[in-house]
Amino acid sequence: MKAFLKSGLAVAVIAASVGAAEAREQLRIVGSSTVYPFSSYVAEELGATSDFPTPVIESTGSGGGMKLFCEGVGDSTPDITNASRRMKTSEFERCEENGVTDITEAMIGFDGIAFAQSVRDGSMDLTREQITLAVAAQVPVDGKLVDNPYTKWSEIDSSLPDRKITVYGPPSTSGTRDAFEELVMEVSTEEMEGYGGEGYTNIRQDGHYIAAGENDNLIIQKLVENTEAFGIFGYSFLEENADKVVGASIDGVQPEADAISSGEYPVSRSLFYYVKNQHKDDVPAQQAYNDLFMSEKMIGELGYLKGIGLIPLPKEERATLREQVAERTKLTLADLQK
Amino acid sequence: MSHSFDDISAQLKGRHRRTKRLKFMSMGALALAATFLVVFIGDMVMRGYPAFQQAELHVPVTYSEQSQEIPLAAVEEDVRDLVSRGWLRQLPRDMAADASLMGQTIDRWVIADDQVDQYLKGHKSHLKPKQTAVLDRMIENGTAELKFNINFFTTGDSKLPEYAGIWSAAMGTILTLLVTLAFAFPVGVLTAVYLEEFAPDNRFTQAIEININNLAAVPSILFGLLGLAIFINFFGMPRSSPLVGGLTLGLMTLPVIIITTRSALRSVPDTIRQAAFGVGCSRWQVVRDHVLPLSLPGILTGSIIGLAQAMGETAPLIIVGMVAFIPDAPTAITQAATVLPAQIFTWAGEPEQAYVERTAAGILVLLSVLILLNAAAVMLRKKFERRW
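Please read these numbers as outputs of a predicted model, since none were measured by experiment. All chains use their own residue numbering, which begins from 1 and follows the written sequence. Ligands are numbered from 1 and chains lettered from A, in the order in which they are written. Residue-level local features of this predicted model are given only where pLDDT is at least 70; pairs of side-chain atoms are given and counted only at 80 or more, and the full residue set underlies all totals for whole chains, interfaces and linings.

Q: Let's hear about the overall build of chain A: which residues, and what values?
A: Strands are runs of DSSP state E lasting at least two residues, helices are runs of H or I lasting at least four, and both sets are numbered from the N terminus onward. Counting secondary structure elements, chain A contains 15 helices and 13 strands. Over its C-alpha atoms, taken along the principal directions, chain A stretches across nearly 70 × 60 × 40 Å. Across the 338 residues in chain A, those meeting the buried criterion constitute 44%. In chain A, of all internal contacts separated by at least 6 residues, the share reaching a separation of at least 24 is 72%. In this scheme every C-beta is placed from the backbone, and a residue whose C-beta has 20 or more other C-beta atoms within 10 Å is buried, one with 12 or fewer is exposed, and one in between is partly exposed. With C-beta atoms placed from the backbone, a contact is any residue pair whose C-beta atoms sit within 7 Å.

Q: Quick one: what's the story with the overall build of chain B, residue by residue and with numbers?
A: On a plain count of helices and strands, chain B comes out with 16 helices and four strands. Relative to its length of 388 residues, chain B is extended, with a C-alpha radius of gyration of 29 Å against a globular reference of 21 Å. Across its three principal directions, the C-alpha atoms of chain B cover 95 × 70 × 35 Å. Scored against the burial criterion, the 388 residues of chain B give a buried share of 42%. Put simply, 76% of the contacts in chain B that link residues at least 6 apart link residues at least 24 apart. Within these notes, the globule rule equals 2.2 Å times the number of residues to the 0.38 power, and the radius of gyration is based on C-alpha atoms.

Q: Break down the packing of helix α9 (residues 203–215) of chain B against helix α11 (residues 242–266) of chain B for me, with residues and values.
A: All names here are of chain B. Their axes nearest at 8 Å, the elements α9 and α11 cross at an angle of 125°. Classified by the angle their axes make, α9 and α11 are oblique. Note on packing geometry: the crossing formed by α9 with α11 is left-handed. In this structure, α9 uses I212, N213 and L215 to contact α11, whose residues at the interface are P255, I258 and I259. Residues are grouped as follows: nonpolar covers Ala, Val, Leu, Ile, Met, Phe, Trp, Tyr, Cys and Pro; charged covers Asp, Glu, Lys and Arg; every other residue, Gly included, is treated as polar. A per-class count over the contact of α9 with α11 returns five nonpolar, one polar and no charged. Every axis corresponds to a line fitted to the C-alpha atoms, with the helix fit spanning only the stretch in contact, and the corresponding angles, defined between N-to-C directions, vary from 0 to 180 degrees. Oblique is the label for every angle not falling under 35 degrees (roughly parallel), over 145 degrees (roughly antiparallel), or within 65 to 115 degrees (roughly perpendicular). Helix crossings are classified by the rotation of the near helix relative to the far one: an anticlockwise turn of less than a right angle makes the crossing left-handed, while a clockwise turn makes it right-handed.

Q: Run through the sheet that holds strand β1 (residues 53–62) of chain B, naming residues and quoting values.
A: In a beta sheet, neighbouring strands pair by backbone hydrogen bonds and run either parallel or antiparallel. All names here are of chain B. A pair of strands counts as paired when DSSP detects no fewer than two bridges linking them. Spatial strand order, β2-β1-β3: three strands in an open sheet with antiparallel pairing. A single partner strand is all that each edge strand has here, and the edge strands are β2 (105–111) and β3 (144–148). Recorded for the sheet is a direction-independent mean angle of 40° between the axes of neighbouring strands. Sheet analysis places β1 next to β3, joined by five bridges and oriented antiparallel. Across the sheet, A55 pairs through a bridge with L146, a residue of β3.

Q: Break down the domain arrangement of chain A for me, citing the residues and quoting the values.
A: Residues and elements named next belong to chain A. Note that the domain bounds reflect an automated or database-derived domain assignment. Entries for chain A in the domain assignment read domain 1 (25–110 + 270–337) and domain 2 (112–268). Computed over C-alpha atoms only, the centres of domain 1 and domain 2 are separated by 30 Å. Counting residues at the interface gives 13 residues for domain 1 and 15 residues for domain 2. Residue classes in the side of domain 1 that touches domain 2 are distributed as five nonpolar, seven polar and one charged.

Q: With reference to specific residues and values, describe the domain arrangement of chain B.
A: Residue and element names in this part refer to chain B. Under the domain assignment, chain B is made up of domain 1 (5–49), domain 2 (53–155) and domain 3 (167–384). Taking only C-alpha atoms, the centre of domain 2 and the centre of domain 3 are 44 Å apart. Taken together, the eight residues of domain 2 in the interface contact five residues of domain 3. The set of elements that each furnish at least two residues to the side of domain 2 that touches domain 3 consists of α5 (114–120) and α7 (151–154).

Q: Break down the environment of G61 of chain A for me, with residues and values.
A: Among the structural elements, G61 of chain A can be located in the loop between β2 (56–58) and α3 (62–69). When the C-alpha positions of G61 of chain A and S32 of chain A are compared, they lie 4.0 Å apart, and in sequence the two are 29 residues distant.

Q: Describe the UniProt feature "domain: ABC transmembrane type-1" (unreviewed entry) in chain B, listing the residues and the values that go with them.
A: UniProt positions are given in the numbering used here, feature names are shortened, and annotations may be inferred rather than shown by experiment. The UniProt record annotates "domain: ABC transmembrane type-1" (unreviewed entry) at residues 170–376 of chain B. Here residues 170–376 of chain B is 76% helix and 1% strand, with 19 Å between the C-alpha atoms at its ends.

Q: Tell me about the UniProt feature "transmembrane region" (unreviewed entry) in chain B, and name the residues and values.
A: All names here are of chain B. Per the UniProt entry, the sites bearing "transmembrane region" (unreviewed entry) are residues 21–42, 166–195, 215–237, 243–265 and 360–380 in this numbering. When the span residues 21–42 is considered, its composition is 100% helix and 0% strand, and the gap between its end C-alpha atoms is 31 Å. Here residues 166–195 runs as 97% helix and 0% strand, with 41 Å between its end C-alpha atoms.

Q: Residue-level account of the interface of chain A and chain B, with values.
A: Interfaces are often sized by the amount of accessible area the parts lose when they come together. Counting from both sides, the interface comprises 31 residues of chain A and, opposite them, 33 residues of chain B. Those elements that provide at least two residues to the side of chain A that touches chain B are α1 (2–20), α2 (36–49), β2 and α9 (235–240) of chain A. Considering every element that reaches the side of chain A that touches chain B, the biggest residue donor is α1 of chain A, with 10 residues. Of the residues assigned to the side of chain A that touches chain B, the class counts are 16 nonpolar, 11 polar and four charged. Where β2 of chain A lies against strand β4 (residues 324–325) of chain B, two bridges are found, and the strand directions are antiparallel. In the strand pairing of β4 of chain B, I57 of chain A is matched with F325 of chain B.

Q: Any chance you could break down the pairing of β1 of chain B for me, citing the residues and the numbers?
A: Two elements, β1 of chain B and β2 of chain B, share seven bridges in a ladder whose sense is antiparallel. Within β2 of chain B, the position partnered with H58 of chain B by the bridge is W109 of chain B.

Q: Tell me about helix α15 (residues 340–348) of chain B, and please be specific about residues and values.
A: Residues and elements named next belong to chain B. Most of α15 sits inside the fold, with seven of its nine residues counted as buried. When α15 is considered as a whole, its buried residues turn out to be L340, P341, A342, Q343, I344, T346 and W347. On its buried face, α15 sits against α8 (167–198), α14 (315–319) and α16 (353–384).

Q: Any chance you could break down the nonpolar core for me, citing the residues and the numbers?
A: Counting residues in hydrophobic clusters, the biggest one holds 148 residues, and the most contacted among them are I108, V167, Y273 and Y274 of chain A. Beyond its immediate sequence surroundings of up to four residues, Y273 of chain A is in contact with V35, S39, I80, T81, N82, A83, A106 and I108 of chain A. In this usage, the nonpolar core is the set of buried Ala, Val, Leu, Ile, Met, Phe, Trp, Tyr and Cys residues whose C-beta atoms join them within 7 Å. Counting residues in hydrophobic clusters, the runner-up holds 20 residues, among them A55, V61, L82 and L91 of chain B.

Q: Break down the confidence of the model for chain A for me, citing the residues and quoting the values.
A: The predictor attaches a confidence to each residue, called pLDDT, with possible values from 0 through 100. Overall, the predicted model of chain A reaches an average pLDDT of 86, with 92% of residues at or above 70. Residue range residues 14–22 of chain A is modelled with pLDDT below 50. Its contacts to residues more than four positions away, or to other chains, number 10 contacts.

Q: Break down the packing of helix α10 (residues 220–234) of chain B against α11 of chain B for me, with residues and values.
A: Residue and element names in this part refer to chain B. One can describe the packing of α10 onto α11 by two numbers: an axis separation of 9 Å at closest approach and a directional angle of 130°. Looking at the two axes, α10 sits oblique to α11. The handedness of the crossing between α10 and α11 is right-handed. Contacts from S220, F223, G224, L226, G227, F231 and I232 of α10 reach α11 at V244, L247, T248, L251 and M252. Taken together, the residues of the contact of α10 with α11 break down into eight nonpolar, four polar and no charged.

Q: Lay out unusual backbone geometry in plain terms, naming residues and giving numbers.
A: Among all residues save glycine, negative phi is the norm, and among peptide bonds the norm is trans. Residues and elements named next belong to chain A. The phi angle at R328 is positive, at roughly 55°, despite the residue not being glycine. With respect to the helices and strands, the residue R328 is situated in the loop between α14 (315–327) and α15 (333–337). The exposure class of R328 is partly exposed, given the 16 C-beta atoms found within 10 Å.

Q: For the environment of E129 of chain A, give the residues involved together with the corresponding values.
A: You can see E129 of chain A is positioned in helix α5 (residues 128–135). Contacts of E129 of chain A, omitting those with residues within four sequence positions, involve S188 and M192 of chain A.

Okay, structure coming up:
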């Protein structure tokens, strides 16, 4: 009994003293779950092909990542944060307040958001307005906003099939949902009569929109089981599951890599990561990670990240950005207000 | 009031019927529970067992200066897309480590790409017709085969499914549980000994007791928030480390250990204590020489069950940063690490098909370890159990 106790304590003490002697040379990255697959791919490549330890990446969501990133400078704060949207000015100000004053912005490419269904019925043509009417909490009827009365697609537009409206989508904590609300709902409601010219982003909660958790695989499974339903998820999952689900064309454009890259497909967004330059000397792996991530081998037309769903930036833009990141161009508030 | 014999016989039938009904209902409940278990485990085995096999290709590998520069050049053009990128990219390092390889061409088995693996397992793959033609020929020649997937047990997480394994997560789990045990076991047992053997029975100790029982039912995520606030923000311990994770899980396991230890101590008959006092033992001697040894099986059982519970926990670890992409296995409790259930959770979110089987295989490994732990608890109890 006593021996048992002592050995347990001894293990803890020894292990703690061994670990405490080492400083941190491992790069620490936090942020968006959308950028996570790309970021971890680069991290693994760095770990496998160099002497640096593999960076640690936590998928905290864009907002959660910014919060950790802007907490301050030093060993206990992350060196890089990923984001599926641009840094907000409020986040930048918080960073400044906490002494994180030298940040570089790196844009890595695009991601499209698919509105997809089971392959059984083939692709469907939808407009952003139709999608909004299907998922909004309140819709205009005869010029007045009322609780969404639509239960079938055919009620929204007689050309659409006589199918029950069921949409599986991400929960409110997700960056994908933010992007969907902004790019589909806000944009279309601003133009629609009845919303008073303002963007409207409330999603209905009467069972026709089902928040299916952060796990996009789960949404795909649901679509396979329930062939009437639609799902909202990132382009990489659409590409990977092309045998099970097919994306609806939105405003007449299919969710395909070229259309997303050119901005023709309306529901697409840019992906970023932000570098804390003040950690440059403490964590040398940061420079190596930057160089590798921005290389043609990763984010180029034939890069590895394209294979896992990243949609590359145009060539000239890649070159400019690569230079900016290499020079660690400082991000200013004015950049973000553009 | 008296009943006639006939009345009682008539009643008896009804009473027997009710007994039977109860028996069938409870058997039905058991059957239902067993069915769920069989379906769950059966499903996991069906999905998981392919992960224990991995496609490999027997190809000539050219070790030259060119392949040190561009690893792709090491294999012939028609199989370049079929060989795993993970294997190719470590080629320059292999060559740097073993200079005698330079200039040789060796026929050897190499790890295949995950799409080749899926194709060989009869699943859907993204291979092009030209590639499947090459592959079909190789299968016929016996140069493409499914082999035992040793990588699954020796590597950490990877973005290349063919290289994704559970080793790092298993190491993380071991280190984390060591910390949990080193913290929760002594603190838990000593707390229970004080409450049971020394503490007076007053309002204060009653309040403590209620609070401890209450803590056992608190959602585990709250312990994560507590761990973040105390260990990381206040004490400045490294985020994502087994040290923080282990202490957090230790806090969570503490009430379980205290409660089971107390009931184990209570099950030692008072006559033992009285006899020991009777021959002049001090309180310390009574506890050390009599009460603790007799209650040890119960204490160990409780601790193992508590640990098993901690081992399957992910929620509090998300908050302290242990659910992350951490391919390198930790060697100290202050390095970044992840744990088995967290690894399963991470794989479950990956888009590639090959991760689906790895997720299930990870669950099978976790279940096996849990079954071993719980079986050990039962064995310990059976072996040392004493009845009075």
